[in-house]
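# Results of the structural survey
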Amino acid sequence: MSGHAEDPVLEESKRFFTFFNLSMILVAITGIEIVIIYVETFEGSAIISVLFATSILKFVGVVWWFMHLRWDKILNTILFLLGLGIALGTFFAVIYMADTHPVIEEDGFSVTPLDNKWETGKDYVKGDYVLQGESYYKANFDHKAPASFTEQVDSGEGLEIPWSEVTGVPHLFKWKISHGDSVEINSLDPGNQFFHQYEPAEEENIEGSKVSLLKKAASTEDFRIKVRSEAYLTVWPEETNQ
Amino acid sequence: MSEAATHALEHHEPVTSTGIPNKKILMWTFLGSDCMFFGTLISTHLIYRKISGTVNGTPLDIRNIFDIELTSFSTFILLASSLFMALAVSAIHKGNLKSTRWMLLGTIVFGTIFLACQVYEFTHFVYHEGHELTLSTYQGEPHVFGSTFYVLTGTHGTHVAIGVFWLLGWLVYSFTGRMSTADAMDIECCGLYWHFVDIVWIIIFPVVYLMEYAF
């Protein structure tokens with residue numbers, strides 16, 4: 001970037017091939033963008049990342065070669081980047097201003113041990129938990145509960161007892177949040193570990209639930225929920241510096 | 001290349017203390033400021049797209065009216081016009097007036113095709129039966145999408161139109177017999193403007209059009 005070369009005519013002639021090749025690359029990248037969208041190769045968020053990356057490639061290609069920044073003095077690059085930087089700053093500032101803190105509604109987060117008693121005649125699906133006596137059991141396959149808990153039923157591969165005893169206590173996690181891009185729940189008790197993170201399909205009026213097996217019985221206060229929006233993070237209960 | 005042309009290449013424009021010609025530094029400063037201008041328009045479109053994503057309680061599906069094949073073609077045309085522009089700048093630097101003229105003409109033709117596509121697209125959107133997109137409505141219901149979309153793409157189209165007229169001026173000037181390599185810096189500035197219009201579209205195409213197909 002130190003000005004033009006000594007033989008500018010020869011230099012310009014060489015640039016012809018640079019410009020032509022670059023033009024072909026730009027067209028190819030645009031084609032790739034369109035194919036990615038049509039084929040739906042990735043999920044939405046991944047597509048945006050790919051489009052973002054290809055756009056940057058094309059942007060840099062045009063600015064660096066077509067607009068001669070590669071061969072010009074660096075001050076031109078600085079002037080342009082200054083405007084570009086302010087434009088990007090404006091973009092993020094507007095996003096920040098338009099966003100609000102995610103709100104975890106009153107009683108919008110709860111964790112309770114499951115106390116589903118086994119019932120005869122009820123339909124159970126694989127993975128269901130029931131409380132029988134003092135122990136918890138997990139369904140091995142889909143079935144209709146027979147007359148007694150220990151009675152064998154047809155699993156499709158022969159007669160089997162449909163339940164297996166589990167070690168620990170299954171809990172039901174439920175949450176209801178105004179909006180956000182990401183929800184994260186983790187245990188505050190090191191002796192009773194739990195971590196769950198997911199990105200909701202709908203970013204508004206998020207409701208979700210999950211059943212998970214914990215080492216021992218716990219309550220809502222033993223957990224922390226974090227919800228991220230584009231610009232904000234809501235944590236309940238709030239983190240304290242201890 | 002003739003000796004005269006080589007001499008002409010060494011023709012110096014008035015420069016600032018930075019060693020950069022006045023016109024060039026002015027153009028880069030303008031382009032920096034134009035970045036901010038388009039930055040605000042793109043930001044506004046994206047924010048309103050996010051916070052006003054429904055029409056009558058149902059998600060706004062703008063793919064009903066978008067014609068992605070046409071827009072992809074427009075994008076290709078604009079990218080190709082940038083190649084012509086770069087070659088026009090290269091040709092005038094080398095003193096090749098004939099080549100400069102052809103490359104300028106190519107850029108003008110491709111720029112005009114892009115504008116024609118945009119005019120067709122806007123007309124198609126406004127009169128698309130059942131899915132009319134006007135400045136203030138979508139499907140007859142009040143909605144902000146048309147405002148941000150038309151202002152953003154329309155402003156870009158206006159930039160293209162200004163560029164086409166600017167290039168047309170140079171093409172006409174080239175037939176007066178007065179054009180020489182002394183004009184190289186002016187055509188280079190014109191080229192910088194044209195390439196800038198191209199990179200703005202490089203951002204608008206995925207952000208405004210392709211993104212609608214990502215979800």
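## Re the overall build of chain A
Scanning chain A from N- to C-terminus turns up three helices and 14 strands. The C-alpha atoms of chain A give a radius of gyration of 29 Å, which is well past the 18 Å a tight globule of 242 residues would have. On the principal axes, the C-alpha backbone points of chain A span a range of 95 × 50 × 30 Å. Looking at chain A as a whole, 22% of its 242 residues are labelled buried. Long-range contacts, defined here as pairs at least 24 residues apart, represent 61% of the contacts in chain A between residues at least 6 apart.

## What to know about the overall build of chain B
If you tally the helices and strands in chain B, you get six helices and four strands. Taking all 215 residues of chain B together, the buried fraction comes to 40%. Long-range pairs, those at least 24 residues apart, make up 75% of the contacts in chain B between residues at least 6 apart in sequence.

## What to know about the sheet that holds strand β1 (residues 104-113) of chain A
All names here are of chain A. The three strands are arranged β1-β9-β12 in an open sheet whose pairing can be described as antiparallel. Looking at which strands have only one partner, the edges of the open sheet turn out to be β1 and β12 (204-214). Direction aside, neighbouring strands of the sheet carry axes that sit 10° apart on average. In terms of strand pairing, β1 meets strand β9 (residues 169-179) through six bridges, oriented antiparallel.

## Quick notes on the environment of Ser182 of chain A
Structurally, Ser182 of chain A can be placed in strand β10 (residues 182-187). When the C-alpha positions of Ser182 of chain A and Ala201 of chain A are compared, they lie 9.8 Å apart, and in sequence the two are 19 residues distant.

## Concerning helix α4 (residues 97-127) of chain B
Residue and element names in this part refer to chain B. Taking 1.5 Å per residue as the helical rise, α4 with its 31 residues ought to reach 45 Å, and the 45 Å between its terminal C-alpha atoms agrees with that figure. Every buried residue belonging to α4 is among Thr100, Met103, Leu104, Thr107, Ile108, Phe110, Gly111, Phe114 and Phe125, and all of these are buried. Looking at the packing, one finds that the buried side of α4 touches α3 (68-94), α5 (145-174) and α6 (184-209).

## Section: the interface of chain B and chain A
In this assembly, 45 residues from chain B lie in contact with 41 residues from chain A. Of all the elements in the fold, those that place two or more residues in the side of chain B that touches chain A are α1 (3-9), α2 (22-51), α3 and α6 of chain B. By residue class, the composition of the side of chain B that touches chain A is 27 nonpolar, 15 polar and three charged.

## With respect to the environment of Ala201 of chain A
Relative to the assigned elements, Ala201 of chain A resides in the loop between β11 (195-198) and β12. Sequence separation between Ala201 of chain A and Glu221 of chain A is 20 residues, and the spatial gap between their C-alpha atoms is 27 Å.

## A look at the packing of α2 of chain B against α5 of chain B
Residues and elements named next belong to chain B. Across the interface, α2 lies against α5 with an axial gap of 9 Å and an inter-helix angle of 160°. For the element pair α2 / α5, the angle class is roughly antiparallel. The element α2 and its partner α5 pack so that their crossing is left-handed. Here α2 contributes Leu41, Ile42, Thr44, His45, Tyr48 and Arg49 to the contact with α5, which in turn contributes Phe145, Thr148, Phe149, Val151, Leu152 and Thr155.

## Digging into the sheet that holds strand β8 (residues 163-166) of chain A
All names here are of chain A. Strand order across the open sheet formed by three strands is β3-β4-β8, with antiparallel pairing between neighbours. Across the chains shown, the open sheet's two edge strands, defined by having one partner strand only, are β3 (129-132) and β8. Averaged over all pairs of adjacent strands, the angle between their axes in this sheet comes to 40°, without regard to strand direction.

## Some thoughts on the confidence of the model for chain B
Residue and element names in this part refer to chain B. For chain B, per-residue confidence averages 87 on the pLDDT scale, and 93% of positions sit at 70 or higher. The least confident element of chain B is α1, whose mean pLDDT is 42; the most confident is α5, at 96. This model gives residues 1-10 a pLDDT under 50, and the stretch forms 18 contacts once residues within four places in sequence are excluded. This complex was scored by the predictor with a pTM of 0.72 and an ipTM of 0.77.

## A look at unusual backbone geometry
Following Trp236 of chain A, the chain continues into Pro237 of chain A via a peptide bond in cis, with omega recorded as -15°. Along the chain, Pro237 of chain A turns up in the segment after β14 (233-236). Notably, His68 of chain A is not glycine yet its phi reads approximately 65°, a positive angle. Secondary-structure assignment places His68 of chain A in the loop between α2 (44-66) and α3 (74-98). Judged by the 21 C-beta atoms lying within 10 Å of it, His68 of chain A is buried. We note that Gln139 of chain B has phi near 55°; this positive angle belongs to a residue other than glycine. Following the sequence through the fold, Gln139 of chain B ends up in the loop between β3 (137-138) and β4 (141-142).

## Quick notes on the pairing of strand β13 (residues 223-228) of chain A
Every regular strand shows the same layout, with side chains that alternate between the two sheet faces. Residues and elements named next belong to chain A. Of the two faces of β13, the one lined by Phe223, Ile225 and Val227 is fully buried and the one lined by Arg224, Lys226 and Arg228 carries no buried residue. One ladder, built from six bridges, connects β10 with β13; its direction is antiparallel. Within the sheet, the bridge partner assigned to Glu184 lies in β13 and is Lys226. Relative to β14, β13 runs antiparallel, the two sharing four bridges. Looking across to β14, one finds that Arg228 is bridged to Leu233.

## Quick notes on the nonpolar core
If you look at the biggest cluster of nonpolar residues, it comprises 69 residues, and the most contacted ones within it are Ala88 and Tyr193 of chain B. Within the residue set of this core, elements represented by two or more residues are α1 (8-39), α2 and α3 of chain A together with α2, α3, α4, α5 and α6 of chain B. In terms of residue count, α6 of chain B provides more of this core than any other element does, 18 residues in total. Contacts of Tyr193 of chain B, omitting those with residues within four sequence positions, involve Met27 and Gly163 of chain B.

## A word on the domain arrangement of chain A
Once the domains are mapped, chain A shows domain 1 (8-98) and domain 2 (104-236). In this structure, domain 1 of chain A and domain 2 of chain A have C-alpha centres spaced 47 Å apart.

Rules used in this analysis
Residues take numbers from 1 onward in each chain, read along the sequence in its written order. Here the convention is simple: chains get letters from A, ligands get numbers from 1, in the order in which they are written. Whole-chain, interface and lining totals are the exception, using all residues; otherwise, since this is a predicted model, local features are given only for residues with pLDDT of at least 70 and side-chain atom pairs are given and counted only at 80 or more. We count a stretch as a helix when DSSP gives it H or I for four or more residues in a row; a strand needs E for two or more, and each element gets its number in order from the N terminus. Throughout, the radius of gyration refers to the C-alpha atoms, and the reference size of a globule is 2.2 Å times the residue count to the power 0.38. Residue burial is a threshold on neighbouring C-beta atoms within 10 Å of the residue's own C-beta, all placed from the backbone, with 20 or more meaning buried, 12 or fewer meaning exposed, and counts in between meaning partly exposed. Residues are scored as being in contact if the C-beta atoms we place from backbone atoms lie within 7 Å. Any two strands with at least two DSSP bridges between them are considered paired. Axis angles are defined between N-to-C directions and span 0 to 180 degrees, where every axis is a line fitted to C-alpha atoms and, for a helix, only to the segment in contact. To estimate the expected span of a helix, count its residues, drop one, and scale the result by 1.5 Å. All amino acids are sorted into three groups, where Ala, Val, Leu, Ile, Met, Phe, Trp, Tyr, Cys and Pro are nonpolar, Asp, Glu, Lys and Arg are charged, and the leftover types, Gly among them, are polar. Roughly parallel means an angle under 35 degrees; roughly antiparallel, over 145; roughly perpendicular, 65 to 115; everything else is oblique. Each crossing is labelled by how the near helix is turned from the far one, with a counterclockwise turn of less than a right angle marking it left-handed and a clockwise turn marking it right-handed. Confidence scores per residue from the predictor, reported as pLDDT, run from 0 to 100. Any set of buried Ala, Val, Leu, Ile, Met, Phe, Trp, Tyr and Cys residues joined through C-beta atoms within 7 Å is what this text calls a nonpolar core. For every domain, the bounds stem from an assignment made automatically or drawn from a database.

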